[in-house]
Amino acid sequence: MQAMGLPPGEHRLGHQVVQVSEDQAVLRGTDTLAGSIANMQKCVQFFYQNTECTQVQALEAATVHPASLLGVTDRKGTLDYGTDADFVILDEQLTVLATYIAGEEVWRLEKVSPFSVKRVLPDSVSTKGAFIPNHAGLHIL
């Protein structure tokens, strides 16, 4: 929704005036939802916390499965050789700590220092590009 990322307050979206709070957007003067303002991090965290899926399954639901449905797995959704190398580094709560596009860091949470991440599964174990927690509790997908 267009209101995602807007600060709390009243905003005009098209012909509607929307009241945005920390966790929802409603039409002004009503309790009618004006769409979702949840970002991908919140969606993945909610899915993981409210289902019996694993972290890898929650992350795949946000990455490889949509890429597959869109027919873009040759570029997106995995870290296979030749793909775009877009990925995030997450902590144990699936909070985004850093974002990389084409293998270059483009954003990092201010309180996070530079780090290195290693793969902790044998190469013979397929995780479809998902890396599971290492000693620092970091993930790559």
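What you see is a predicted model; the values in this text were computed from it and never measured.

Draft legend 1. Molecular detail of the sheet that holds strand β3 (residues 25-27). Here three strands make up an open sheet; going across it, the order is β1-β2-β3 and the pairing antiparallel. This sheet does not close on itself; its edge strands, each paired only once, are β1 (9-13) and β3. Between one strand and the next, the sheet's axes are offset by a mean angle of 35°, whatever the strand orientation. Bridge count for β1 against strand β2 (residues 16-20) is five bridges, and the pairing is antiparallel. Each residue of the ladder has a partner; that of G9, found in β2, is V20.

Draft legend 2. Structural detail: the packing of aromatic side chains. Taken as a whole and assessed by the stated rule, the structure comprises one aromatic pair. Here F87 and Y100 contribute two aromatic rings whose centre-to-centre distance is 4.6 Å and whose plane-to-plane angle is 5°, an arrangement assigned as stacked. Here Y100 lies in strand β5 (residues 96-101) and F87 lies in strand β4 (residues 87-90), a separation of 13 residues in the sequence. This pair shows no difference in class: F87 is buried, exactly as Y100 is.

Draft legend 3. Representation of the nonpolar core within the structure. Core analysis: the biggest nonpolar cluster contains seven residues, these being V44, C53, A58, L59, L90, L94 and V96. Excluding residues that lie within four positions of it along the chain, V96 makes contacts with Q41, V88, I89, L90, W107 and L109.

Draft legend 4. Local environment of the pairing of strand β6 (residues 104-108). With four bridges connecting them, β5 and β6 associate as antiparallel partners. For I101, the partnering residue across the bridge sits in β6 and is E104. In textbook terms, the turn of a hairpin is the stretch between consecutive antiparallel strands, and for β5 and β6 this stretch comprises two residues, one of which, A102, has a positive phi near 55°.

Draft legend 5. Representation of the side chain of T78. Following the sequence through the fold, T78 ends up in the loop between α3 (64-70) and β4. Since its relative accessible area comes to 11%, T78 is described here as buried. Within the structure, T78 has its side chain in polar contact with the backbone nitrogen of D80 (distance 3.2 Å).

About the criteria used
- Here the residue numbers are simple positions, counted from 1 along each chain's written sequence.
- Totals for whole chains, interfaces and linings use every residue, but because this is a predicted model, local features are given only for residues with pLDDT of at least 70 and side-chain atom pairs only at 80 or more, for both listing and counting.
- Side-chain numbers here rest on the full set of heavy atoms in the structure, without hydrogens or water.
- Each pair of strands is called paired provided DSSP finds at least two bridges between the two strands.
- A run of H or I in DSSP counts as a helix once it spans at least four residues, and a run of E counts as a strand once it spans at least two, with each numbered from the N terminus.
- Between the N-to-C directions of two axes lies an angle of 0 to 180 degrees, each axis being a line fitted to C-alpha atoms and, for a helix, fitted only over the stretch in contact.
- Note on aromatic contacts: the rings of Phe and Tyr and the six-membered ring of Trp form a pair at centre separations within 6.5 Å, being stacked when their planes are under 30 degrees apart, edge-to-face when over 60 apart, and tilted otherwise.
- Exposure classes here rest on a 1.4 Å probe applied to the protein chains alone. A residue is buried below 20% of its type maximum, exposed above 50%, and partly exposed in between.
- Only buried Ala, Val, Leu, Ile, Met, Phe, Trp, Tyr and Cys residues count toward a nonpolar core, and they belong to the same one when joined by side-chain atoms within 4.5 Å.
- Contact definition: two residues touch when any of their heavy atoms are within 4.5 Å.
- N or O atoms closer than or at 3.5 Å make up a polar contact, with two conditions inside protein: a donor-capable atom paired with an acceptor-capable one, and, for residues adjacent in sequence, both atoms drawn from side chains.

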